[in-house]
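Spelled out, the chains give:
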Amino acid sequence: MLRPSSLIEPTKITPKPERIASLDFQRGLAIWIMTFLHTFEHVYNYNWVKENPEQIFSLPKIVIFIGLFVGFFASWNAYFLLISSVVNSLSMTKKAANGVPPKRILRKQLVTGFSILLIGYLDNCFGYAGYFGLSIRTGDWSNFYPMWSGFFAMYTLQIIGFSMIINGIIHYFLIRNGGHKKFRRNMLTYFFLALFIIILSPFVHHWVDNMPWEPLKYLPPEIGLGDHQNWPSIHFQASNASFKGWLMTLFAGDYEPLFPFLATSFAGSMVGLALAQPKPYRRLPLMGGVISFGLMTLGVIFITAGFITLGNNRPALGNFLLMLGGQLGVIFLLLGLVEYRGRGEKFANRRIVKHLRLWGMISLSIYVLAIFDLFPRWCLSAIYNLIYSSNINLMQSSLFGYGKELQALGVAVFVIFTYELLVYLWSKNDFKYSFEWFVIQLQTLGSAIVSSRLNVDLIINQTHWINYKLKVSSPSELPTDKLLINDS
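Thresholds applied
Residues numbered from 1 in each chain as written. Predicted model: local features only at pLDDT ≥ 70, side-chain atom pairs only at ≥ 80, totals over all residues. Heavy atoms only, no water. Helix = DSSP H or I, 4+ residues; strand = E, 2+ residues; numbered from the N terminus. Rg over C-alpha atoms; globule rule 2.2 N^0.38 Å. Buried < 20%, exposed > 50% of the residue type's maximum accessible area, 1.4 Å probe, protein only. Contact = heavy atoms within 4.5 Å. Areas by Shrake-Rupley, 256 points an atom, 1.4 Å probe, with all protein chains shown as cover. Lys, Arg positive; Asp, Glu negative; His and termini not counted. Charge placed at Lys NZ, Arg CZ, Asp CG, Glu CD. Patch = residues over 30% accessible without salt bridge, like charges linked within 9 Å, V, L, I, M, F, W, Y side chains within 5 Å. Salt bridge = Lys/Arg side-chain N within 4 Å of Asp/Glu carboxyl O. Axes fitted to C-alpha atoms, helices over the stretch in contact; angles between N-to-C directions. Parallel < 35°, antiparallel > 145°, perpendicular 65-115°, else oblique. Left-handed = near helix turned anticlockwise from the far one by under 90°. Nonpolar A, V, L, I, M, F, W, Y, C, P; charged D, E, K, R; others polar. Expected span 1.5 Å × (residues − 1).

Turning our eyes to something else, we now look at the overall build of the protein. Tallying secondary structure elements over the protein gives 21 helices and 2 strands in all. The C-alpha radius of gyration computed for the protein amounts to 24 Å, which stays within 12% of the reference 23 Å derived for 488 residues, consistent with globular compactness. For the protein, the spread of C-alpha atoms along the principal axes amounts to about 80 × 60 × 45 Å. Looking at the protein residue by residue over its 488 residues, the buried ones come to 50%. Within the protein, contacts between residues at least 6 apart in sequence are counted, and of these 76% link residues at least 24 apart. Taken as a whole, the protein presents about 24600 Å² of accessible surface, with 67% of it coming from carbon and sulfur. For the protein, the distance from the average site of its 40 positive side-chain charges to the average site of its 25 negative ones is 13 Å.

Here is the structure:
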């Protein structure tokens with residue numbers, strides 16, 4: 001006997017999350033490449049470059065080309081910031097459009113931003129470059145300098161955390177009272193903010209660099225290409241430890257200060273606003289490509305005019321514009337090739353893309369766990385010494401110098417394999433107790449709703465992948481004053 005329809009309990013269906021495949025792929029690709037390059041950098045000695053840069057030209061041309069290619073992309077630390085800003089702006093705008101109170105949206109952004117800041121400073125002070133990392137590598141547990149100097153560095157997590165807080169506040173004022181519908185106003189706000197930061201950056205850098213700082217008192221033996229005797233240098237900044245020194249580090253210190261990297265965050269917010277509109281403008285990838293090419297061209301012009309920085313420290317205006325243009329170009333290129341061609345699901349389910357999306361789910365944790373690479377290096381030392389009866393210690397930094405690139409590459413390959421194993425095993429438990437997991441717990445305090453973004457099966461296999469091909473509007477359907485974009 002059939003039950004009356006009024007007595008049948010409704011089936012509870014969990015809605016599939018909506019995501020943009022190309023952005024998830026880029027986050028995973030970026031953290032994978034960064035991890036691999038860092039593992040190489042940790043064991044390779046670049047001192048020969050500082051001592052005699054002309055030796056570079058004695059290398060085979062193909063090696064020089066590969067080195068320049070890798071060096072350019074190795075400086076893309078702010079790529080994470082750009083992707084993060086795109087996703088956060090998109091998420092905040094769409095939540096406001098769906099009726100979520102702006103104050104609740106802001107609260108989540110602030111909790112996430114401050115959590116990332118805390119994790120970032122803990123990593124600076126105690127991670128690979130901090131107290132535990134240095135003590136394990138050197139065997140000296142009495143040197144507490146890294147715990148102190150870590151407060152005077154602006155790395156990737158610091159700029160992402162501060163940008164999330166600043167952009168969260170700005171976005172809150174833009175989306176409240178139905179402000180998410182004022183697309184043109186919001187875009188212009190972020191455009192002029194980005195322009196203001198870019199124009200002001202050289203002046204802020206000059207002002208801070210020429211303050212009456214005390215001479216450097218200590219330069220540790222383990223230094224990189226960006227470490228030197230004057231501002232900006234993490235060690236110089238730590239030598240001038242004070243609240244003023246810390247504040248100036250935020251504005252114009254090494255490596256990713258607010259000037260100019262807030263402009264990267266604002267640029268990402270503009271892309272996010274564009275992708276949050278009801279209908280995407282069909283020429284967005286083309287328009288974005290033109291803008292990206294223009295920024296890169298400006299970067300080259302500034303570089304030829306002398307606005308250039310060598311090494312991996314705070315970028316001059318030429319470096320910054322070249323990097324920002326390239327990063328935006330990749331984002332728009334992949335949007336055009338994937339979402340704007342209706343290939344979101346097909347692209348997301350490709351084996352390599354699926355694999356890198358898994359890495360992207362815990363990019364924060366992988367970034368912080370750089371100290372983990374000491375374990376496989378220790379294992380490799382033990383295996384090598386057992387086979388060849390030697391006494392090599394691969395946990396030492398800068399072990400392989402000029403002419404030993406293949407040995408350093410071999411160590412990097414072994415280390416990245418262990419990271420692959422770590423990600424695979426951790427994913428079996430939905431990345432429980434990862435840093436992302438702790439951030440989610442903080443975000444959901446006092447709320448019955450828990451984010452499912454660490455549910456591996458849901459995110460990897462059951463996600464609804466957004467496409468823009470069937471949603472694009474023709475120019476005749478767009479208001480003449482909104483010549484920029486629109487999405488879902």
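Before going further, it helps to examine a positive patch on the surface. A contiguous patch of positive charge, built from R341, R343, K346, R350 and K469, is present on the exposed surface. Assignment of secondary structure puts K346 in helix α15 (residues 344-348). Look at K346 and you get exposed, because its relative accessible area is 58%.

Let us look at the packing of helix α1 (residues 21-43) against helix α4 (residues 79-97). Following both chains from N to C, one finds α1 and α4 inclined at 160°, their axes separated by 10 Å at the closest point. Here α1 is positioned roughly antiparallel relative to α4, judged by the angle of their axes. In this structure, α1 crosses over α4, and the sense of that crossing is left-handed. In contact with L23, Q26, R27, A30, I31 and M34 of α1, α4 contributes Y79, F80, I83, V86 and V87. Residues belonging to the contact of α1 with α4 are distributed by class as follows: 9 nonpolar, 1 polar and 1 charged.

Taking 1.5 Å as the rise per residue, helix α8 (residues 156-175) with 20 residues should run 28 Å; its terminal C-alpha atoms sit 27 Å apart, in good agreement. Within α8, 17 of the 20 residues are buried, which leaves the element mostly enclosed by the surrounding structure. N177 lies just past α8 and shows a positive phi near 55°.

Let us look at the side chain of S84. Mapped onto the secondary structure, S84 falls in helix α4. Classification of S84 by relative accessible area gives buried; the value is 17%. Apart from the residues lying within four places of it in its own chain, the contact partners of S84 are I160 and M164.

Put simply, α4 and helix α5 (residues 102-126) touch, their axes get as near as 10 Å, and they point 160° apart. Of the possible angle classes, the one that applies to α4 and α5 is roughly antiparallel. Here α4 and α5 pass one another in a crossing that is right-handed. Two secondary-structure elements touch here, α4 through N88, M92, K95 and A96 and α5 through I105, K108 and Q109.

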